[in-house]
Amino acid sequence: MKNIKYIMSLVVLSAITLSCSNDDDFTPTPGATGPDFSGVYTQQDQMGRPAVNTVFVSGASKNMFNKTIPSQQSSAFQAMFQANLEGLSPAYANPGDTNALGLTSAEFTGLLATDVLNVSLDGTTTFFDGTNVLTGRNLTDDVITVELILIFGGEAGLTNPEFPGLSNDNVDGNDKAFLTGFPYLASAW
Amino acid sequence: MKNMKIYLGIGVAVVAGFFLVAADHIDAPAVAGGTSDITDFYAFQGENTDNLVFVANLQGLLSPGSTADAAFDENVLIQFNIDTNQDNVEDLVIQAIPRDGKMYFFGPAAPTTTGLNSSILSEDNSGVVTISQYGQSPEIEEENGMTFFAGPRDDPFFMDFARYGDIIAGNETEFANPGSDTFAGTNVMSVVVEVPKSMVGSSGTINTWITTKRKQ
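The structure reproduced in this document is the subject of the present report. What you see is a predicted model; the values in this text were computed from it and never measured.

**Notes on the overall build of chain B**
No. 1: Each helix and strand counted, chain B has three helices and eleven strands in total.
No. 2: Ordered by position from the N terminus, the helices and strands of chain B form the series α-β-β-α-β-β-β-β-β-β-β-α-β-β.
No. 3: Counting the 216 residues in chain B, one finds 57% classified as buried.
No. 4: Within chain B, contacts between residues separated by at least 24 positions form 58% of all contacts whose residues are at least 6 apart in sequence.
No. 5: Carbon and sulfur atoms provide 47% of the accessible area of chain B, an area that totals close to 7800 Å².

**Observations regarding unusual backbone geometry**
No. 1: For the peptide bond that leads from F182(A) to P183(A), omega is 5°, which places it in the cis range.
No. 2: Along the chain, the position of P183(A) falls in the segment after α6 (143–152).
No. 3: A cis geometry characterises the amide bond from G107(B) onward to P108(B), with omega recorded as 15°.
No. 4: By the element assignment, P108(B) lies in strand β5 (residues 102–109).
No. 5: Phi is positive for N170(A), which is not a glycine, with a value near 60°.
No. 6: Phi is positive for N144(B), close to 55°, though the residue is something other than glycine.

**Brief notes about the packing of aromatic side chains**
No. 1: Scanning the model with the defined rule gives 14 aromatic pairs over all chains in all.
No. 2: An angle of 75° between the planes, with centres 6.1 Å apart, marks the rings of F182(A) and Y184(A) as edge-to-face.
No. 3: Ring geometry for F105(B) versus F148(B): centroids 4.4 Å apart, planes at 35°, classification tilted. On the criterion of sequence distance, the pair formed by F105(B) in strand β5 and F148(B) in strand β9 (residues 146–154) is long-range, its members being 43 residues apart.

**Comments concerning the side chain of S89(A)**
Residues and elements named next belong to chain A.
No. 1: Within the element layout of this structure, S89 appears in the loop between α4 (70–88) and α5 (105–112).
No. 2: Taking relative accessible area as the criterion, S89 reaches 1% and is therefore assigned buried.
No. 3: Engagement of the side chain of S89 in a polar contact is seen with the backbone nitrogen of A91, the distance being 3.1 Å.
No. 4: Not counting residues up to four positions away in its chain, the partners in contact with S89 are I151 and F152.

**Remarks on the packing of α4(A) against α5(A)**
When two helices pack together, their arrangement is given by the angle between the helix axes and by the axis-to-axis distance.
Residue and element names in this part refer to chain A.
No. 1: Running from N to C, α4 and α5 cross one another at 135°; their axes reach a closest spacing of 8 Å. In terms of orientation, α4 lies oblique with respect to α5. As for the relative orientation of α4 and α5, their crossing is right-handed in sense. Every residue of α5 that contacts α4 at S74, Q78, F81, Q82, L85 and E86 is listed here: S105, A106, F108, T109, G110 and L112.
No. 2: Considering only residue class, the contact of α4 with α5 consists of five nonpolar, six polar and one charged.

**Structural notes on the interface of chain A and chain B**
No. 1: Contact residues are listed per partner, giving 90 residues for chain A and 115 residues for chain B.
No. 2: Both faces combined, the contact of chain A with chain B buries some 8400 Å², and carbon together with sulfur accounts for 60% of it.
No. 3: For the pair chain A and chain B, the number of links is two salt bridges.
No. 4: Between D40(B) and R137(A) there is a salt bridge whose closest N-O contact spans 2.5 Å.
No. 5: Counting across the chain A and chain B interface gives 40 residue pairs in polar contact (both at pLDDT 80 or more).
No. 6: Of all the secondary structure elements, the ones that give two or more residues to the side of chain A that touches chain B are β1 (41–47), α2 (52–56), α3 (62–66), α4, β2 (117–120) and α6 of chain A.

**Some words on the sheet that holds strand β8 (residues 141–143) of chain B**
All names here are of chain B.
No. 1: Ordered in space as β1-β2-β10-β9-β8, the five strands form an open sheet in which the pairing is antiparallel. Looking at the sheet topology across the chains shown, the edges are occupied by β1 (38–45) and β8. If you compare each strand with its neighbour and ignore which way they point, the axes differ by 15° on average.
No. 2: The pairing of β9 with strand β10 (residues 187–196) spans eight bridges and is classified as antiparallel. When the sheet's bridge partners are listed, R153 is paired in β10 with V188.

**Some points on the environment of S36(B)**
No. 1: Checked against the element boundaries, S36(B) lands in the loop between α1 (2–14) and β1.
No. 2: C-alpha separation for the pair S36(B) and I78(B), spaced 42 residues apart in sequence, amounts to 8.2 Å.

**Overview of the pattern of salt bridges**
Residue and element names in this part refer to chain B.
No. 1: Following the criterion strictly, the structure yields four salt bridges over all chains and no others.
No. 2: For the salt bridge of R163 with E172, the shortest nitrogen-to-oxygen distance reads 3.2 Å.
No. 3: A residue is classified by how much of its surface remains accessible, and E172, at 29% relative accessible area, is partly exposed.

**Some words on the pairing of β1(B)**
Residues and elements named next belong to chain B.
No. 1: Along β1, seven of the eight residues are buried, which leaves the element largely enclosed by surrounding structure.
No. 2: The pairing of β1 with strand β2 (residues 51–62) spans seven bridges and is classified as antiparallel. Paired with Q45 across the bridge in β2 is L52.
No. 3: Where β1 folds back onto β2 in an antiparallel hairpin, the turn is made up of five residues.

**So, α6(A)**
Residues and elements named next belong to chain A.
No. 1: Among the ten residues that make up α6, ten are buried, leaving the element largely enclosed by the rest of the structure.
No. 2: If you check which residues of α6 are buried, you get V143, I144, T145, V146, E147, L148, I149, L150, I151 and F152.
No. 3: Two residues or fewer past α6, G154 is found with a positive phi of approximately 75°.

Reading the values: the criteria
Residues numbered from 1 in each chain as written. Chains lettered and ligands numbered in written order. Predicted model: local features only at pLDDT ≥ 70, side-chain atom pairs only at ≥ 80, totals over all residues. Heavy atoms only, no water. Helix = DSSP H or I, 4+ residues; strand = E, 2+ residues; numbered from the N terminus. Buried < 20%, exposed > 50% of the residue type's maximum accessible area, 1.4 Å probe, protein only. Contact = heavy atoms within 4.5 Å. Areas by Shrake-Rupley, 256 points an atom, 1.4 Å probe, with all protein chains shown as cover. Phe/Tyr/Trp six-rings, centres within 6.5 Å; stacked < 30°, edge-to-face > 60°. Polar contact = N/O pair within 3.5 Å; in protein donor to acceptor, adjacent residues only side chain to side chain. Axes fitted to C-alpha atoms, helices over the stretch in contact; angles between N-to-C directions. Parallel < 35°, antiparallel > 145°, perpendicular 65-115°, else oblique. Left-handed = near helix turned anticlockwise from the far one by under 90°. Nonpolar A, V, L, I, M, F, W, Y, C, P; charged D, E, K, R; others polar. Buried area = accessible area lost by both parts, 1.4 Å probe. Salt bridge = Lys/Arg side-chain N within 4 Å of Asp/Glu carboxyl O. Pairing = 2+ DSSP bridges.

Okay, here's the thing in structure tokens:
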């Protein structure tokens, strides 16, 4: 996770200040002249953690996963997640195999099957920074490598992954520097 | 590596979609490529550490040439969901919906109903921002302690998913080093809202997720 620190320092160095305009404060206009906010809106897509629907949900169930509320996802999808994880990665081939978090395939997919992003209100927010785990998601977090380590890395995935060629995509940062301040994301290409 | 290929062969069926998508880009047939397709969700502590920042990205893989024509859909409600008591049911929501070139924000406030159907919390308006135009400086508004942005940005996601596709297809056995960011040079439609932490809790952990909902 050295790269994350490196990237973070790059981001700090690339601070850019943005100007704001405060000339059109929102005063709602009741009645016919205001925007119409009436009606019922029905769910089409949802996402908590990165790549969960993509990796762990079988093709025929992807739409259903997007329309299953998080509190019901684990009972509906954990078994599918576990089967797909074990089918994808030989790092869970033996009974008792765990990943770098010490989680078996059942435990790991039990965590992932409720697809919400946990966010700490008390300090560091990161998907994983070497110390903090699942306390948020920063723009700079190399979430795919973290997930590859947890899928293919085995017990010592952080230092000595079982399948090193599959445990890091070797893309460690974005193609444009992020901003230190709002809106944080880089300008469009 | 023979066993590896067998395993990866099995994996093809599992992760076929992974070639086309990554974080949540075009993750499911019903939403792929549409105006309600979520590509990514981020939640992190702000530059002001008393604040949290929520980012929802939609409509991924926009080329620079197509970004100026991309637009938010007035029939698609973008909703940040916040569970404050660990039952994975939203206790608070922040809603964003476009009207006539502006993005309107509501909450954080308790939703009238939880789950798959939502109505807009029009009594809980918190701010509005002009939707930024491609190639222009970002329009940013600060109201009620919150800060708002809506418009095109660089896709912050990065991954060598082309190589991953080659691995799954059996054409390669491992990632390249260095890898190549498949999302380099592409844009998304982004909504960014920064809120005081005090509006969504006091301490501990909240659970969050993003949903898009279409007007019926």
